[in-house]
Amino acid sequence: MTDEQEKIRVGVFGARGRMGIEVCKAVDAADDLELVASIDQGDSRSAVSDAQVVVDFTTPDVVMDNLRWAIEQGISAVVGTTGFTEERLEQVRGWLAGKPGIGVVIAPNFGIGAVLMMQFAARAARHFESVEIIEQHHPRKLDAPSGTATHTARQIARARAEAGLGPVPDATKDEVPGARGAEIDGVRVHAVRATGLVAHQEVLFGTTGETLTIRHDSYDRASFMPGVLLAVRAVRTRPGLTVGLDPLLD
Ligand SMILES: NC(=O)c1ccc[n+]([C@@H]2O[C@H](COP(=O)([O-])OP(=O)(O)OC[C@H]3O[C@@H](n4cnc5c(N)ncnc54)[C@H](O)[C@@H]3O)[C@@H](O)[C@H]2O)c1
Ligand SMILES: O=C(O)C1=N[C@H](C(=O)O)CCC1
């Protein structure tokens, strides 16, 4: 970065949370970024008004309000908070309409390896009749299934539909409700919670005589930071809504 180039002014929502702490450290350490505000629950959002980009790692129940506020202020946003249904994404598109200078990147997972795991899974999907997703996280995670698992299931379902595959074969009757996990677009998803885990996912594919397991592990929240910084640097050049990190990696 040259002396003439201005640093991107960044604000962080959820700054005292597990991810927020890591994001503040990463922004602070980057030569081309300036951390202008780091706020958490109970703090006034006005401290963020001077930011050019806000990063949100809060909770699904407050993220929409933060995002609408940022867009109204003319601030671009990078969002890692989970809970984005198609309905919510459509709402964000509505807020962005008529705001040509503002970008929003919403990604269920900022780990580069996790993004590749989802891409590989979508690619493999059409070749296997069976598929199940097993996501594993720390026990303080508030939501299940994870945003990553939901996104992966939807991508796999789309690839299966495009390939003309029917339902995943399964003759099992649930003797205990939940024994076969949740179902997202026809794909079974199992959520495991255990102390010691951070964020992990396996996608298990099966067909006659073989299985394929695609697995990703985040052992440390530092793993999400290259993706978050990539999005912070790119978001103002991408007006409108970008879902997932994939287009930023191409
Ligand atoms: N996309 C990704 O790569 C990725 C990675 C990790 C976690 N996540 C998601 O990010 C979210 C946060 O995860 P976490 O582990 O950091 O959770 P956390 O509970 O440690 O942190 C959330 C923080 O948000 C704060 N908060 C609540 N309401 C707020 C408000 N109105 N304004 C500002 N701050 C507020 C809380 O006080 C807390 O400090 C979750 O939805 C999680 O699933 C996404
Ligand atoms: O720790 C979490 O919470 C995580 N949430 C995201 C998800 O729900 O997919 C990404 C992985 C970590």
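Throughout, a residue's number is its position along its own chain's written sequence, starting from 1. Numbering of ligands from 1 and lettering of chains from A proceed in the order in which they are written. In keeping with the model being predicted, local features are shown solely for residues with a pLDDT of at least 70 and side-chain atom pairs are shown and tallied solely at 80 or more, while totals for entire chains, interfaces and linings include all residues. Calculated side-chain values reflect all of the structure's heavy atoms, with hydrogen atoms and water omitted.

A.B. asks: Break down the packing of helix α4 (residues 112–124) against helix α5 (residues 147–162) for me, with residues and values.
C.D. replies: Remark: α4 packs on α5, axes separated minimally by 8 Å, with the N-to-C direction vectors making an angle of 25°. What the angle tells us is that α4 and α5 run roughly parallel. Handedness of the α4/α5 crossing: right-handed. Two secondary-structure elements touch here, α4 through Met117, Met118, Ala121 and Ala122 and α5 through Thr148, His151, Thr152, Gln155, Ile156 and Ala159. Residues that form the contact of α4 with α5 fall into these classes: 6 nonpolar, 4 polar and no charged. Orientation is described by lines fitted to C-alpha atoms, with helices fitted over the stretch in contact, and by angles between N-to-C directions that extend from 0 to 180 degrees. Put simply, DSSP marks the helices as runs of H or I at least four residues long and the strands as runs of E at least two long, and each gets a number from the N terminus on. In this scheme, roughly parallel covers angles under 35 degrees and roughly antiparallel covers those over 145, while 65 to 115 is roughly perpendicular and the rest are oblique. With the far helix as reference, a near helix turned anticlockwise by less than a right angle produces a left-handed crossing, and one turned clockwise produces a right-handed crossing. Here, two residues are considered to be in contact whenever any of their heavy atoms come within 4.5 Å of each other. Amino acids outside the nonpolar list (Ala, Val, Leu, Ile, Met, Phe, Trp, Tyr, Cys, Pro) and the charged list (Asp, Glu, Lys, Arg) are all regarded as polar, and Gly is one of them.

A.B. asks: Tell me about the site of ligand 2, residues and numbers included.
C.D. replies: Note on terminology: near, applied to a residue and a molecule or strand, indicates that one of the residue's heavy atoms is within 4 Å of it. Around ligand 2 sit Thr82, Pro108, Asn109, His137, His138, Lys141, Ser146, Gly147, Thr148, Ala199 and Phe224, and those are all the residues in its vicinity. Considered on its own, ligand 2 offers 320 Å² of accessible surface; in the complex 83% of this is hidden by protein. Using only the protein atoms, space was sampled on a 1 Å grid; points where a 1.4 Å probe fits but cannot get out form cavities, open sets with protein on both sides within 12 Å along at least five of seven lines form pockets, and lining residues are those with an atom within 4 Å of a point. Here the criterion for a molecule occupying a pocket or cavity is that more than half of its atoms lie within 2 Å of the pocket grid points. In this structure the site holding ligand 2 corresponds to the largest pocket. We get accessible surface area from the Shrake-Rupley algorithm with a probe of 1.4 Å; when it comes to residues, only the shown protein chains can shield them.

A.B. asks: Which residues make up the sheet that holds strand β5 (residues 103–106), and what are the values?
C.D. replies: Any two strands between which DSSP finds at least two bridges are classified as paired. Within the open sheet, the 6 strands sit side by side as β2-β1-β3-β4-β5-β11. Their pairing is parallel. One side of each edge strand has no neighbouring strand; the edge strands of this open sheet are β2 (33–39) and β11 (240–243). Direction aside, neighbouring strands of the sheet carry axes that sit 20° apart on average. For strand β1 (residues 8–13) and β2, the ladder comprises 6 bridges, and the chain directions are parallel.

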